[in-house]
Amino acid sequence: QKEVEQDPGPLSVPEGAIVSLNCTYSNSAFQYFMWYRQYSRKGPELLMYTYSSGNKEDGRFTAQVDKSSKYISLFIRDSQPSDSATYLCAMSGHYGGATNKLIFGTGTLLAVQP
Amino acid sequence: DTAVSQTPKYLVTQMGNDKSIKCEQNLGHDTMYWYKQDSKKFLKIMFSYNNKELIINETVPNRFSPKSPDKAHLNLHINSLELGDSAVYFCASRLGTVNSPLHFGNGTRLTVT
């Protein structure tokens, strides 16, 4: 079993829809949770990061962490065709420190249809 | 003015050859990484260097040898390439001592035939 599980999709939604992307994990030591967006033929770029449980909002994006269920989510409101990309969750036991290892999910491919 | 740049962008080579990938970052970061992304988009860490010192070395065949001549550069040399080495290799960097995100390059797409 992988430490981080993510539905690979693909997920296809119409423009304007609310998108929900999710990851589950098994390591209760994880405290820092991130979402990266990766466009085709590009490197991943950081979208959101949160510490421990709770919500964080940034524009159309909301990240949620439920440590009791070992479950994290990314919500995208009013989705746009430009949101079409692969979304990768990532997490670590601590964020600082040179030996920190970020563990990634397999990514969910999202297509927003105009 | 690309922050993390990798060369080459594409690499097509035959089994048994030796090849190198280069990475440079101009962000002033002290920690650099090599990640391998397979065809299913799974990103797996291979190596990490902090101030030119190897600090993370995952279970990677010893045909892969990273080298960091200074903290702005991290290269990856691969000997005796195999079909299974075909993947996208990403370089990334961050400030190792503070809460800062990983910055990725745009990857090197390696195809071994």
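Novice: When you look at the overall build of chain A in this model, what are you seeing that I'm missing?
Specialist: The number of helices and strands found in chain A is zero helices and 11 strands. Reading the secondary structure of chain A in the N-to-C direction produces β-β-β-β-β-β-β-β-β-β-β. Against the 2.2 N^0.38 benchmark of 13 Å for 114 residues, chain A shows a C-alpha radius of gyration of 14 Å, consistent with a compact globule. Reported as C-alpha extents along the three principal axes, the dimensions of chain A are approximately 40 × 30 × 25 Å. Here chain A, with 114 residues, has 44% of them falling under the buried criterion. A separation of at least 24 residues holds for 56% of the contacts in chain A among residues at least 6 apart in sequence. Counting every atom, chain A has about 5,200 Å² of accessible surface; 49% of that belongs to carbon and sulfur.

Novice: Would you mind going over the interface of chain A and chain B with me for this structure?
Specialist: Size of an interface: often given as the accessible area lost when the parts come together. In this complex, chain A contributes 22 residues to the contact, which on the side of chain B involves 28 residues. Along the contact surface separating chain A from chain B lie zero salt bridges. Remark: the boundary between chain A and chain B carries three residue pairs in polar contact (both at pLDDT 80 or more). The set of elements that each furnish at least two residues to the side of chain A that touches chain B consists of strand S4 (32–38) and strand S9 (85–92) of chain A. A total of three residues in the side of chain A that touches chain B trace back to one element, the largest contributor, which is S4 of chain A.

Novice: Sorry if this is basic, but what is going on with the pairing of strand S5 (residues 45–51) of chain A here?
Specialist: Consecutive side chains along a regular strand alternate between the two faces of the sheet. The sheet contact formed by S4 of chain A and S5 of chain A spans six bridges and is antiparallel. If you follow Trp35 of chain A over to S5 of chain A, its bridge partner there is Met48 of chain A.

Novice: I'm lost on the sheet that holds strand S6 (residues 54–58) of chain A in this one. Help?
Specialist: One key point about sheets: their strands pair by backbone hydrogen bonds, in either a parallel or an antiparallel sense. Residue and element names in this part refer to chain A. As summarised here, the arrangement of the five strands in space is S1-S3-S8-S7-S6, forming an open sheet in which the pairing is antiparallel. In this open sheet, the two strands that pair with only one neighbour each are strand S1 (4–6) and S6. Each strand of the sheet is rotated relative to its neighbour by a mean of 15°, with strand direction disregarded. Sheet topology note: the S1/strand S3 (residues 19–25) ladder contains three bridges and is antiparallel. Counterpart to Val4 in the pairing with S3 is Tyr25.

Novice: Mind showing me how you'd approach the state of the cysteines here?
Specialist: Defined simply, a disulfide is a covalent bond joining two cysteines at their sulfur atoms. Within this structure, the stated rule accounts for two disulfides over all chains. Each sulfur of the disulfide joining Cys23 of chain A and Cys89 of chain A lies 2.0 Å from the other. In this structure the cystine formed by Cys23 of chain A and Cys89 of chain A twists about its S-S bond by roughly -100°; its chirality is therefore left-handed. With Cys23 of chain A in strand S3 and Cys89 of chain A in strand S9, the pair connects residues that are 66 residues apart, well separated along the chain. The class for Cys23 of chain A is buried, based on a relative accessible area of 1%. Paired by a disulfide, Cys23 of chain B and Cys91 of chain B hold their sulfur atoms 1.9 Å apart. In this structure, the disulfide formed by Cys23 of chain B and Cys91 of chain B twists by about -80° around the S-S bond and is classed as left-handed. Pair noted here: Cys23 of chain B is in strand S3 (residues 19–25) and Cys91 of chain B is in strand S9 (residues 87–94), with a separation of 68 residues, a long-range link. Its relative accessible area of 1% is what places Cys23 of chain B among the buried residues.

The rules behind each value
- Position numbers for residues start from 1 in each chain and track the written sequence from start to end.
- Ligands are numbered from 1 and chains lettered from A, in the order in which they are written.
- Note on the predicted model: pLDDT of at least 70 is required for a residue's local features to be given, and 80 or more for side-chain atom pairs to be given and counted; whole-chain, interface and lining totals, by contrast, use all residues.
- Each side-chain value is worked out from all heavy atoms of the structure, with water and hydrogens disregarded.
- Numbering goes from the N terminus for both helices and strands, where a helix is a DSSP run of H or I of at least four residues and a strand is a run of E of at least two.
- Atoms counted for the radius of gyration: C-alpha only. Globule rule: 2.2 Å times the number of residues to the power 0.38.
- A simple rule labels every residue: compare its accessible area, found with a 1.4 Å probe on the protein chains alone, to the largest value its type can have, and call it buried under 20%, exposed over 50%, or partly exposed in between.
- When checking whether two residues touch, look at their non-hydrogen atoms; a contact exists if any pair is within 4.5 Å.
- Accessible surface is estimated by sampling points in the Shrake-Rupley manner with a 1.4 Å probe; for residues, cover comes only from the protein chains shown.
- Note on definitions: salt bridges are taken to be side-chain nitrogens of Lys or Arg within 4 Å of carboxyl oxygens of Asp or Glu.
- Here a polar contact means two N or O atoms within 3.5 Å. Within protein one must be a hydrogen donor candidate and the other an acceptor candidate, and residues neighboring in sequence count only if both atoms are side-chain atoms.
- Strand pairing follows a simple DSSP-based rule, namely that at least 2 bridges must link the two strands.
- With axes taken as lines fitted to C-alpha atoms, and helix axes fitted only over the stretch in contact, angles between N-to-C directions fall between 0 and 180 degrees.
- To count as a disulfide, a pair of cysteine sulfur atoms needs to be within 2.5 Å.

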